[in-house]
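Close look at the chain arrangement
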Amino acid sequence: MKKLSFSLSLNRELILPVFCLLTVLLINLVKTPDFFDISLTNGAYYGFIIDIINRGSELAIISVGMTLAVSVSGGVDISVGAVAALSAAVITNILSGGEAAVNELHAPILLAIGAGLFSALLCGIWNGFLVARLKIQPMVATLILYTAGRGIAQLICGGQITYVRVNAYRILGTNFGNNPLPTPIYISIAVMIITGLFLKFTSFGLYAKTVGINSEAAKLAGLNPGTIKFIAYIVCAMLAGLAGAIYSSRIYSCDANNIGLNVEVDAILAVILGGNQLSGGKFSIAGSVIGAYTIQALTTSLYAFGMPSAHMPVCKALVIAASISLQSPVVKRLLNKHGKKYFKTVFKTVFKEAAGV
Amino acid sequence: MKTRALAAGLWGLLAIILLSACGAPAETGEGVSDDSLITVGFSQVGAESDWRTSCTNSVMEAFSEENGFNLIFSDAQQKQENQIKAVRDFISQDVDYIIIDPITESGWDQSLKEASDAGIPVILVDRAVDADESLYTAAIGSDFELEGKKACAYLKAYLDKMSYKGEVNIVDIQGTIGASATIGRSKAFDDAAKKYGWNVLAQETGEFTQAKGQEVMESILKRHDNVNVVYCENDNEAFGVRDAIESAGKKVGNNIEKGEIILLSFDTTRAGLTETLNGTILVNTECNPLYGERLASMVKTLEEGGTLEKHTYIDEDQYSANELVKSVTVDGKTYPVTILTQEILDERPY
């Protein structure tokens, strides 16, 4: 009985994020009829929907980490884009042996990716240390790497774009073997499953919520809020590092100026679109992931409409403003109060019309 | 105790990283020393790309002591406040000429006025400023619109030589919206498409990056099955576009009759020219960073009491590995096309 009510409340939380995503997709059904077509080209699935799931992978991965960081600390980690760039710089420069452009590998790929993730881990330790131990506000603490991270990445790349023109390195960003789905999709699903299992089978999720709701009370209850925050920031940075590896594999190079540029803003937005509060506490990973794909669906849809480049930011802003205000407490309350009656009338009329036709 | 020691260690590490990353704005030269030399202060944007580094090296070479110059070089590290400070320093050191590669267009009136009050001629290079023209002596930069016109003229000439009679279904992958390179190259594209009756399928921004270029092109290919020419406004976008075309199961190449998609690109970076040499990019139009010689001759002209034209453009080349078109004509003027070989590529400084 207890379990049932839990799953019901979870579903109710996810209604609005799912509604936003479906609205964006449904507009496409009208504007671009072949939006949902998926064909097999060169042994790989090909279509707008695949594009959304594929291109949204990095943002989804980063949003998972961001949700944890937001939940425990009630603040945001704005260094994720820079950490992604740093990780990409480390990976490509180990693979290229420090050269600006290479056609063969100078180190095993797994070693390089390991080193990239290790650099992300160091960033996470640094952020976690500032937030959890020195109790600096998360946004201020992560501001340091937000500014310095990209600088360090530039330094590693020697101010150039490092190219690794080896097909083996492109696997992470394209398809592996004869697999018809792009690799980033698998990686993001793996990240979600692992995080889901981790939260389900350990008490970390509960601890994180507790610390996020009231750090002092959590302490009195015998938890160590510092450690929980520390872990959350490390996970967030590591996932950003993983996203960095995918970003760089897609373009088989490291463009330290542009990898993960402004992704922190999108990740925070994904967390909000997912129905999470930026003040911390309760969180829904699934909501954030849906939020991330909503943002990507919006971008891909606008491309599919053939929207002129200059108009795109305005359109995006309008949709996002609408989605966020839909989830504001005031609107939610109004919806709860009047929504049921209103929707009932709407459904009735629609059914009557349909029956009439 | 442990925490505190760790804190100290980490802060120390950060300090070292920050110091090595930022450093102080680098200056070389010892101010005004030898009277026989012409002292020139040069404030550069930074060293953000190999294009910029080539520009710096070219100026340093041209303004060497053997050539009769004493160059004071200041790297602004992409911050305008560093650049304004550098100009003030140049004025207080009483240099003979000031050369600025402005980071931003606005906010220059005060510094330029100070230089003009001190009677020091200022030459602007590469980028433009929106200050009053009387405040600087001359400006030299790239003619982005001409670059675009040359690329379009090349395409027209190439298709005529191929005696291609079919429809030209062209896509423009623009640069960052608002950038002067995007404005110039897009305008040339629009004009040419109208003039030659090309069918423009899409015009969207790839933000001058490979990742965006690829993402935008993926979407365009899903909407339009008949793309046969792509006009990429820089090399990075061209790489992304190439990957998108190949993953859509189409071919990039010069043979439009056989359904291959032609790529045009700009900037002639080393990576871009490598792709031009192997035929992926049909023609690559240069954006020349080698301002050194021109600037030195401009300063020499002023030194001899001559006057300079207010706005001039640097000469820019065009490269293709295809030998069909040897020259292009834009507005009645003929520009030669360099046939790219490995030797030419190896000799280029950037």
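Conventions and cut-offs
Residues numbered from 1 in each chain as written. Chains lettered and ligands numbered in written order. Predicted model: local features only at pLDDT ≥ 70, side-chain atom pairs only at ≥ 80, totals over all residues. Helix = DSSP H or I, 4+ residues; strand = E, 2+ residues; numbered from the N terminus. Expected span 1.5 Å × (residues − 1). Buried ≥ 20, exposed ≤ 12 C-beta atoms within 10 Å, placed from the backbone. Pairing = 2+ DSSP bridges. Contact = placed C-beta atoms within 7 Å. Axes fitted to C-alpha atoms, helices over the stretch in contact; angles between N-to-C directions. Core = buried A, V, L, I, M, F, W, Y, C linked by C-beta atoms within 7 Å. pLDDT = per-residue confidence, 0-100. Parallel < 35°, antiparallel > 145°, perpendicular 65-115°, else oblique. Right-handed = clockwise from strand over helix to strand, strands pointing away.

1. Observations regarding helix α10 (residues 292-303) of chain B
Residues and elements named next belong to chain B. Taking 1.5 Å of rise per residue, the 12 residues of α10 would be expected to cover 16 Å, and the 16 Å separating its terminal C-alpha atoms lies within 8% of that figure. For α10, the full list of buried residues reads Gly292, Arg294, Leu295, Ala296, Met298 and Val299. Taken from the residues just after α10, glycine 305 is the one with a positive phi, measuring 85°.

2. Describing the sheet that holds strand β6 (residues 169-174) of chain B
All names here are of chain B. In space, the 7 strands of this open sheet follow the order β7-β6-β8-β9-β10-β12-β15, with mixed pairing throughout. In this open sheet, the two edge strands, each paired with only one partner strand, are β7 (199-205) and β15 (338-339). In the sheet, strand β10 (residues 281-286) pairs with strand β12 (residues 318-320) via 2 bridges, with the strands oriented antiparallel. Along β12, the bridge assignment pairs threonine 285 with glutamine 318. Along the sheet, helix α8 (residues 235-247) contacts β6, β8 (229-232), β9 (262-267) and β10; its crossing angle with β9, the most-contacted strand, is approximately 155°. Contacts between helix α9 (residues 270-277) and the sheet are confined to β9, β10 and β12, with β10 contributing the most and set at about 145° to the helix.

3. Notes on helix α7 (residues 210-223) of chain B
The end-to-end C-alpha distance of α7(B) is 20 Å, a good match for the 20 Å that 14 residues give at a rise of 1.5 Å each. Among the 14 residues of α7(B), 13 are classified as buried, and the element is accordingly described as predominantly covered.

4. Thoughts on the interface of chain A and chain B
Listed per partner, the contact involves 29 residues of chain A and 27 residues of chain B. For the side of chain A that touches chain B, the secondary structure elements donating two or more residues are α2 (48-55), α5 (109-133), α6 (138-157) and α12 (285-305) of chain A. Residue contributions to the side of chain A that touches chain B peak at 4 residues, all from α6(A).

5. Considering the sheet that holds strand β3 (residues 97-100) of chain B
Residue and element names in this part refer to chain B. Across the sheet, 6 strands lie side by side as β2-β1-β3-β4-β5-β11; this open sheet has parallel pairing. Here the strands that pair on one side only, and so sit at the sheet edges, are β2 (69-75) and β11 (311-313). Strand after strand, the sheet turns through a mean of 20° between neighbouring axes, direction not considered. By the bridge criterion, 3 bridges tie strand β5 (residues 138-141) to β11 in an arrangement that is parallel. Opposite alanine 139, over in β11, you have histidine 311 as the bridge partner.

6. Focus on the nonpolar core
If you look at the biggest cluster of nonpolar residues, it comprises 151 residues, and the most contacted ones within it are Cys236(A), Leu239(A) and Leu263(B). Among the elements that line this core, the one with the most residues is helix α10 (residues 225-250) of chain A, at 16 residues. Apart from the residues within four sequence positions on either side, Cys236(A) is in contact with Gly65(A), Met66(A), Leu68(A), Ala69(A), Asp77(A), Val80(A) and Gly124(A). One finds Val59(B), Ile123(B), Val125(B) and Val129(B) within the second-largest nonpolar core, a separate group that totals 37 residues.

7. Some points on the confidence of the model for chain A
When pLDDT is averaged along chain A, the result is 89; 94% of the residues meet or exceed 70. The model gives residues 1-9 of chain A a pLDDT under 50, and that stretch makes 0 contacts with residues more than four places away or in other chains.

8. Observations concerning the environment of His106(A)
Residues and elements named next belong to chain A. Here histidine 106 lies in the loop between β3 (101-102) and α5. The class for histidine 106 is partly exposed, based on 15 C-beta atoms found within 10 Å. Along the backbone, histidine 106 and leucine 95 are 11 residues apart, and their C-alpha atoms lie at a distance of 5.1 Å. Look past the residues within four positions of histidine 106 in its chain and what remains in contact with it is Leu95, Ser96 and Gly97.

9. Focus: the packing of helix α4 (residues 80-96) of chain A against helix α11 (residues 263-273) of chain A
Any two packed helices are characterised by the angle at which their axes cross and by the distance between the axes. Residue and element names in this part refer to chain A. Relative to each other, α4 and α11 sit at 130°, their axes nearing to 7 Å. In terms of their interaxial angle, α4 and α11 are classed as oblique. Mapping the contact onto sequence places Val80, Gly81 and Ala84 in α4 and Val263, Glu264 and Ala267 in α11.

10. Focus: unusual backbone geometry
Residue and element names in this part refer to chain B. Despite not being glycine, aspartate 267 has its phi angle at roughly 95°, a positive value. Note on placement: aspartate 267 falls in strand β9. Under the C-beta neighbour-count criterion, aspartate 267 is labelled buried, with 26 such atoms within 10 Å. Residues other than glycine seldom take positive phi values, yet aspartate 331 does so here, at roughly 50°. Structurally, aspartate 331 is set in the loop between β13 (327-330) and β14 (333-336). What makes aspartate 331 exposed here is the crowd of 7 C-beta atoms within 10 Å.

11. Considerations on the pairing of β7(B)
Looking along a regular strand, one sees side chains alternate from face to face of the sheet. Residues and elements named next belong to chain B. When β6 meets β7, the two strands line up parallel, connected through 6 bridges. Bridge pairing in β7 links aspartate 172 to glutamine 203. Once the chain exits β6 it traverses helix α6 (residues 180-196) before rejoining the sheet at β7, and the crossover so formed is right-handed.

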